[in-house]
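So you can see what is in the structure, the chains are spelled out below.
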Amino acid sequence: YSYILFNKYQFGNTLEVCNCDCCISEEDSKVLFASPLTNITPALIREYLNAASSENHFKLAQQIKFILPKILDFITQGIEVSLAPEFTLAKLHIDLPNAWEEDEIIFMRKFSSLFFQDKLFNFVESDISDSYMVMFVNSGLDVKHLFNIWENAIENYTPMLNFIQMLHYNFDSCFYYQSFAD
């Protein structure tokens, strides 16, 4: 569905990226423009997301929507496309007025719910569930529904393990670090 929903977006004439020639090469920029969405690799998305930068957040959000279906495909398969899950969707600016249509926001809420539930109910020791919540917070999405999902599921074994793991991980360094403490 995401490929249909976001198919009206394109990169445009220029990429909204850092122009230092270190963040993304001119060759990779050309590959991004020339490749069909289905052929874009995780490494190329990682390079683009790391370089994506603009004072015009609206334009950047519109541009990233072009590759968003591929990003979502990769993260649902467990393929990382950024330095850490928390950074994956950080440049979407979902909370930017007029940058997102209502059906796109509804889709992202549904996607975040299903993705987060999958992470909660499938315990993986190397994954920390709050990293995925932070991923959606950083996208600009209102995540109250994700807290509700976790709260309603906490009596189940796997969501409880994820909660304990989050606390253990965050207390592991002898100090409490939690991004939601604010």
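In short, a report on the structure.

Quick notes on the rules
Within each chain, residue numbers correspond to sequence positions counted from 1 in written order. Per-residue local features are limited, in this predicted model, to residues with pLDDT of at least 70; the limit for side-chain atom pairs, both in listing and counting, is 80 or more; totals at the level of whole chains, interfaces and linings are taken over all residues. Values shown for side chains rest on all heavy atoms present in the structure; no hydrogens or waters enter the calculation. Helix and strand labels come from DSSP, where a helix needs a run of H or I of at least four residues and a strand needs a run of E of at least two; each type is numbered from the N terminus. Residue burial is assigned from relative accessible area. The probe radius is 1.4 Å, only protein chains are included, and a residue is buried under 20% of its type maximum, exposed over 50%, and partly exposed in between. Throughout, the Shrake-Rupley method with a 1.4 Å probe supplies accessible areas, and for residues the shown protein chains are the sole cover considered. For this document, the term salt bridge refers to a Lys or Arg side-chain nitrogen within 4 Å of an Asp or Glu carboxyl oxygen. Axes here refer to lines fitted to C-alpha atoms; in helices the fit is confined to the stretch in contact. Angles between the N-to-C directions go from 0 to 180 degrees. Under this scheme an angle from 65 to 115 degrees is roughly perpendicular, one under 35 degrees roughly parallel, and one over 145 degrees roughly antiparallel; angles in between are oblique. Should the near helix be turned counterclockwise from the far one by less than a right angle, the crossing is left-handed, whereas a clockwise turn marks it as right-handed. What makes two residues a contact is simply this: any of their non-hydrogen atoms within 4.5 Å. When the centres of two rings from Phe, Tyr and Trp lie within 6.5 Å, Trp using its six-membered ring, the rings pair. Their planes under 30 degrees apart give stacked, over 60 give edge-to-face, and anything left gives tilted. A positively charged side chain is recorded as over a ring if its NZ (Lys) or CZ (Arg) lies within 6 Å of the ring centre. The angle to the ring normal must also be within 35 degrees. Nonpolar core, defined: a set of buried Ala, Val, Leu, Ile, Met, Phe, Trp, Tyr and Cys residues in which side-chain atoms within 4.5 Å join the residues together.

## A few points about the overall build of the chain
Here comes step 1: Of the regular secondary structure elements, the chain holds eight helices and zero strands.
Here comes step 2: When the elements of the chain are put in sequence order from the N terminus, they spell out α-α-α-α-α-α-α-α.
Here comes step 3: Of all 182 residues assigned to the chain, the portion counted as buried reaches 46%.
Here comes step 4: On the chain, roughly 10100 Å² of surface is accessible, and the fraction owed to carbon and sulfur atoms is 54%.

## Here's the deal with the pattern of salt bridges
Here comes step 1: Within the structure shown, the criterion is met by five salt bridges.
Here comes step 2: Here E16 and K59 are joined by a salt bridge, their closest N and O atoms 3.3 Å apart. With a gap of 43 residues between them, E16 in the loop between α1 (2–5) and α2 (26–34) and K59 in helix α4 (residues 57–76) connect regions that are remote in the sequence.
Here comes step 3: As a salt-bridge pair, E104 and K65 come within 2.8 Å of each other at their nearest N and O atoms. Within this pair, whereas E104 is found in helix α5 (residues 102–121), its partner K65 is found in helix α4, the two being separated by 39 residues in sequence.

## Comments concerning the packing of α5 against helix α7 (residues 144–153)
Here comes step 1: Put simply, α5 and α7 touch, their axes get as near as 10 Å, and they point 30 degrees apart. Judged by the angle between their axes, α5 and α7 are roughly parallel. Along this stretch, α5 crosses α7, giving a crossing that reads as right-handed. Across the interface between the two elements, R109, S112, S113, F116, Q117, L120 and F121 from α5 touch H145, L146, I149, W150 and A153 from α7.

## Focus on helix α6 (residues 129–139)
Here comes step 1: Most of α6 sits out of view: nine of its eleven residues are buried.
Here comes step 2: Three or more residues of α6 are buried, namely S129, D130, S131, Y132, M133, V134, M135, F136 and S139.
Here comes step 3: Once α6 finishes, G140 follows within two positions and takes phi at roughly 95 degrees, a positive value.

## Looking at the packing of aromatic side chains
Here comes step 1: Evaluated as defined, the whole model comprises twelve aromatic pairs.
Here comes step 2: Here F6 and F107 contribute two aromatic rings whose centre-to-centre distance is 6.0 Å and whose plane-to-plane angle is 75 degrees, an arrangement assigned as edge-to-face. Placement of the pair is F6 in the loop between α1 and α2 and F107 in helix α5, with a sequence separation of 101 residues.
Here comes step 3: With 5.4 Å between their ring centres and 75 degrees between their planes, F115 and Y132 make a pair best called edge-to-face. Of this pair, F115 sits in helix α5 while Y132 sits in helix α6, and the two are 17 residues apart along the sequence. The exposure classification of F115 matches that of Y132, with both residues buried.
Here comes step 4: Cluster of aromatic residues (ring-pair linked, three or more members): Y1, F6, Y9, W100, F107, F111, F115, Y132 and F136.
Here comes step 5: Geometry around W100 places K65 over its ring, the cationic atom sitting 4.4 Å from the centre.

## With respect to the nonpolar core
For soluble globular proteins, nonpolar side chains are generally found buried alongside one another.
Here comes step 1: Counting residues in hydrophobic clusters, the biggest one holds 47 residues, and the most contacted among them are Y48 and M108.
Here comes step 2: Elements that contribute at least two residues to this core include exactly α3 (42–51), α4, α5, α6 and α7.
Here comes step 3: Ranked by residues supplied to this core, first place goes to α4 with ten residues.
Here comes step 4: Once residues lying within four places of it in the same chain are set aside, the contact partners of M108 are L68, L72, L89, L92, I94, W100 and L141.

## Examining the environment of F115
Here comes step 1: In this structure F115 comes out as buried when scored by relative accessible area, which is 5%.
Here comes step 2: For the pair F115 and Y132, spaced 17 residues apart in sequence, the C-alpha separation works out to 8.6 Å.
Here comes step 3: The residues contacting F115, other than those within four sequence positions of it, are I75, T76, Y132, M135 and F136.

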